[in-house]
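Single-letter residue listing:
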Amino acid sequence: MTPTTSPQPTARRATGTRATRVLGIVTLVMLGWLLLFGLVLSPADIDQGDAVRIMYVHVPTVWLAYLAFIVTAVCSGLYLFGKRHSLGFDRVAGASAEIGVVFMALTLISGSLWGRITWGVYWQWDARLTTTALLFVTYIGYLAVRGLDGTRERRARRSAVIGLLAVVEIPLVHWSVRLWRSLHQEATILDTDLDVDIDGLMLFTLFSGVIAFTLLFVWLLLHRTRTIALDDLLASRGLDRAIAERRAEVSSSSPSGGGS
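Our subject in this report is the structure included herewith. Because the structure is a prediction, the values reported are computed rather than measured. (Residues numbered from 1 in each chain as written. Predicted model: local features only at pLDDT ≥ 70, side-chain atom pairs only at ≥ 80, totals over all residues. Heavy atoms only, no water.)

Focus: the environment of A68
Keep this limit in mind: Labels follow the DSSP assignment, with helices taken as runs of H or I lasting at least four residues and strands as runs of E lasting at least two, numbered in each case from the N terminus. Three labels apply to residues, based on accessible area from a 1.4 Å probe with only protein chains included: buried if under 20% of the type maximum, exposed if over 50%, partly exposed otherwise in between. When checking whether two residues touch, look at their non-hydrogen atoms; a contact exists if any pair is within 4.5 Å.
In this fold, A68 is placed in helix α2 (residues 55-81). Judged by its relative accessible area of 0%, A68 is buried. Note: C-alpha distance between A68 and S96 (28 residues apart in sequence) is 5.1 Å. Beyond its immediate sequence surroundings of up to four residues, A68 is in contact with S96, G100 and F217.

Some points on the packing of α2 against helix α4 (residues 127-146)
Put simply, the test is: Note on method: axes are straight lines fitted to C-alpha atoms, helices fitted across the in-contact stretch only, with angles between N-to-C directions ranging 0 to 180 degrees. Working definition: roughly parallel below 35 degrees, roughly antiparallel above 145 degrees, roughly perpendicular at 65 to 115 degrees, and oblique for all remaining angles. The hand of a helix crossing depends on one turn: near helix anticlockwise from the far one by less than a right angle means left-handed, and clockwise means right-handed. When residue character is reported, Ala, Val, Leu, Ile, Met, Phe, Trp, Tyr, Cys and Pro are called nonpolar, Asp, Glu, Lys and Arg charged, and the others, Gly included, polar.
One can describe the packing of α2 onto α4 by two numbers: an axis separation of 12 Å at closest approach and a directional angle of 40°. As summarised for this structure, α2 and α4 are arranged oblique, according to the angle between their axes. Crossing geometry of α2 relative to α4 is assigned as left-handed. Where α2 approaches α4, its residues Y66, F69, T72 and S76 are matched on the opposing element by L135, Y139 and Y142. The residue inventory of the contact of α2 with α4, partitioned by class, reads 5 nonpolar, 2 polar and no charged.

Points about the nonpolar core
This is how the line gets drawn: We define a nonpolar core as any set of buried Ala, Val, Leu, Ile, Met, Phe, Trp, Tyr and Cys residues linked to one another through side-chain atoms lying within 4.5 Å.
Within the largest apolar cluster, 37 residues are counted, with the highest numbers of intra-cluster contacts made by F69, L135, Y139 and F217. Elements represented by at least two residues in this core include exactly α2, α3 (87-118), α4, α6 (169-179) and α7 (200-253). Here this core gets 11 residues from one element, more than from any other, and that element is α2. Not counting the four nearest positions on each side in its chain, L135 is found in contact with Y66, F69, M104, A166, E169, I170 and V173.

What to know about the packing of aromatic side chains
The line we're drawing: Working definition: rings of Phe, Tyr and Trp (its six-membered ring) pair if their centres are within 6.5 Å, and the pair is stacked with planes under 30 degrees apart, edge-to-face with planes over 60 apart, and tilted otherwise.
This model, assessed by the stated rule, comprises 6 aromatic pairs. Seen in terms of ring centroids, W33 and F37 are 4.9 Å apart; in terms of plane orientation they differ by 25°. Their pairing is stacked. Of the two residues, W33 and F37 both sit in helix α1 (residues 18-41), 4 residues apart, roughly one turn of that helix. Look at W33 and you get partly exposed, because its relative accessible area is 37%.

What to know about a nonpolar patch on the surface
Note the following rule: Exposure above 30% relative accessible area and no salt bridge define the residues that can form patches, which grow by joining like charges within 9 Å and nonpolar side chains of Val, Leu, Ile, Met, Phe, Trp and Tyr within 5 Å. Shrake-Rupley sampling with a 1.4 Å probe provides the accessible areas, and residues are treated as covered by the protein chains on show and by no other component. Throughout this description, the term salt bridge denotes a Lys or Arg side-chain nitrogen within 4 Å of a carboxyl oxygen of Asp or Glu.
On the surface, a nonpolar cluster with roughly 740 Å² of combined accessible area is contributed by W33, L35, L36, L39, V40, L41, L201 and F204. Breaking the nonpolar patch down by element, the ones donating at least two residues are α1 and α7. No other element matches α1, which puts 6 residues into the nonpolar patch. Mapped onto the elements, L201 comes out in helix α7.

Points about the packing of α2 against α3
Running from N to C, α2 and α3 point in directions that differ by 155°, and their axes come no closer than 7 Å. Our classification of the angle between α2 and α3 gives roughly antiparallel. When the axes of α2 and α3 are compared, the crossing they make is left-handed. Grouping the constituent residues of the contact of α2 with α3 by class yields 21 nonpolar, 9 polar and 1 charged.

Some remarks on the side chain of D232
Where we set the bar: Polar contact is defined as a pair of N or O atoms within 3.5 Å, subject to the rule that within protein one atom must be able to donate a hydrogen and the other to accept it, and that residues adjacent in sequence are counted only when both atoms are side-chain atoms.
Mapped onto the fold, D232 is located in helix α7. Separated by 3.1 Å, the side chains of D232 and R152 make a polar contact.

A short note on the pattern of salt bridges
Under the definition given, this model contains 5 salt bridges. Between R152 and D90 there is a salt bridge whose closest N-O contact spans 2.7 Å. Here the residue R152 occupies a position in helix α5 (residues 152-166), and D90 occupies one in helix α3, the gap between them amounting to 62 residues. Of the two residues, R152 and D90, neither departs from the other in class, the shared state being buried. A salt bridge links D232 to R152; the nearest nitrogen and oxygen atoms lie 3.1 Å apart. Note that D232 is positioned in helix α7 and R152 in helix α5, a separation of 80 residues in sequence.

Rendered as structure tokens:
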């Protein structure tokens with residue numbers, strides 16, 4: 001008797017590469033670096049005390065949310081107005097928007113915690129807070145549109161139009177502090193009109209946070225884009241299989257010869 005051989009297990013498709021694994025390790029190191037400096041080495045603020053440590057998360061998350069939504073807009077424009085419509089741009093746009101919504105949620109949460117300590121309340125219908133919440137809801141709507149029924153190309157076109165329109169809210173959020181009377185403080189680091197003296201170690205920690213979260217964004221974007229590509233491939237193969245089965249059913253049910 002010849003021994004029967006068990007079928008070999010199929011290899012699992014992964015979204016990681018050697019480059020993304022290296023990037024992931026560097027990101028973890030930077031996040032650990034931020035944790036050490038943000039909680040231990042960086043000094044407390046003279047006025048806010050240890051509450052200022054929330055800044056090391058709050059500022060990088062809002063920066064990454066802006067960056068993610070700008071990437072969504074750029075890729076949406078490339079999809080709509082490029083010489084060749086590439087669904088790759090649409091995948092990057094969708095993945096970036098998903099990550100941006102997560103970072104914007106973290107911005108709102110960390111900001112409310114910071115507000116509770118400094119203002120005494122978790123939320124105020126302040127110009128900056130209200131416009132930020134509006135931006136958050138807008139991109140939730142963008143993701144909802146991406147989930148509507150329709151062909152892949154039709155959904156990509158609808159999403160691209162919304163992605164280009166929604167990005168104009170970012171300048172509104174950024175300048176809301178100056179456009180309206182706001183409890184929220186203005187930019188204290190990049191604004192040269194303000195005479196603000198920030199401790200060197202605090203500034204170093206803040207920029208370390210920006211770098212760490214930017215690396216995290218790139219790592220998440222690469223993996224999420226590849227996951228969406230795999231989902232599209234699976235859906236395409238499933239559709240091809242369904243069409244082939246339907247054709248086989250029609251062929252088998254059609255008369256094969258002349259009747260009596």
